[in-house]
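# Notes for the structure review
Read off the chains here:
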Amino acid sequence: MSGAHPAVPGDPVVLDGGDRRCVLLLIELRRLVADLEPGRVVHLIASDPAAPIDLPAWCHLTGHTYLGPVQAGPLPPASAAYAVRVEAESRPTRAQAPWQVADS
């Protein structure tokens, strides 16, 4: 099962990336955080071995806060969960290229 799961206020929003590569995960993450209020935490579940490199880099680019690996309950084999906090003062990125800052 993949996609965003509804959450009660205060609980992390879970984005299950399944076996998608980081490019697609970042596109989904970008879309998700655009609709979340600042301070919300997203737990991204990913099996892509590049996730622990790409997620902090994306957070650095956008201004969101990378909180690192987290325990997120039972995970599929070869998957890990990473936390990102949504920040109010973030920089938008391109819809289909979330590793590039959007033109102002």
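Notes on the structure follow.

Thresholds applied
Residues numbered from 1 in each chain as written. Predicted model: local features only at pLDDT ≥ 70, side-chain atom pairs only at ≥ 80, totals over all residues. Heavy atoms only, no water. Helix = DSSP H or I, 4+ residues; strand = E, 2+ residues; numbered from the N terminus. Rg over C-alpha atoms; globule rule 2.2 N^0.38 Å. Axes fitted to C-alpha atoms, helices over the stretch in contact; angles between N-to-C directions. Left-handed = near helix turned anticlockwise from the far one by under 90°. Contact = heavy atoms within 4.5 Å. Nonpolar A, V, L, I, M, F, W, Y, C, P; charged D, E, K, R; others polar. Expected span 1.5 Å × (residues − 1). Buried < 20%, exposed > 50% of the residue type's maximum accessible area, 1.4 Å probe, protein only. Arc of directions from axis to C-beta. Core = buried A, V, L, I, M, F, W, Y, C linked by side-chain atoms within 4.5 Å. Pairing = 2+ DSSP bridges.

### A few points about the overall build of the protein chain
- Broken down by element type, the protein chain carries two helices and five strands.
- Across the protein chain, helices and strands are ordered from the amino to the carboxyl terminus as β-β-α-β-α-β-β.
- Computed over its C-alpha atoms, the radius of gyration of the protein chain comes to 13 Å, within 12% of the 13 Å expected for a compact globule of 104 residues.
- If you line up the protein chain on its principal axes, its C-alpha atoms span 40 × 30 × 20 Å.

### Some words on the packing of helix α1 (residues 22-34) against helix α2 (residues 51-62)
- Packing of α1 against α2 brings their axes to within 11 Å, and their N-to-C directions diverge by 40°. Remark: the crossing between α1 and α2 carries right-handed chirality. Taken together, the residues of α2 that come into contact with α1 (itself represented by Cys22, Leu26, Leu29, Arg30 and Val33) are Ala51, Asp54, Leu55 and Trp58.
- A breakdown of the residues in the contact of α1 with α2 according to their chemical character gives seven nonpolar, no polar and two charged.

### Things to note about α2
- Look at α2: 16 Å from first C-alpha to last across 12 residues, which is about the 16 Å you get at 1.5 Å a residue.
- Looking at α2, one finds that the buried residues are Ala51, Leu55, Trp58, Cys59 and Thr62. Angularly, the buried residues of α2 cover 100° about the axis, an arc narrow enough to put them on a single face. In α2, those exposed residues whose orientation departs by more than 90 degrees from the buried face are Ile53 and His60.
- Residue Gly63 follows α2 closely and has a positive phi angle near 95°.

### A few points about α1
- Taking 1.5 Å per residue as the helical rise, α1 with its 13 residues ought to reach 18 Å, and the 18 Å between its terminal C-alpha atoms agrees with that figure.
- Those residues of α1 that sit buried are Cys22, Leu25, Leu26, Ile27, Glu28, Leu29, Leu32 and Val33.

### Some details on the nonpolar core
- Of all hydrophobic cores here, the largest spans 19 residues; its most connected members are Leu29, Val42 and Leu55.
- Only β2 (13-16), α1, β3 (41-46), α2 and β5 (80-85) provide two or more residues apiece to this core.
- If one sorts the elements of this core by residue count, α1 sits on top with six residues.
- If near-sequence neighbours (up to four positions away) are discounted, Val42 is found in contact with Val13, Leu15, Leu29, Leu32, Val33, Leu36, Tyr82, Ala83, Val84 and Val86.

### Structural notes on the pairing of β5
- Bridge analysis of β3 against β5 gives six bridges, and the strand direction is antiparallel. Across the sheet, the residue bridging to Val41 is Arg85, located in β5.
- Relative to β5, strand β4 (residues 65-70) runs antiparallel, the two sharing five bridges. Residue pairing in the sheet places Gly68 in a bridge with Ala83 of β5.

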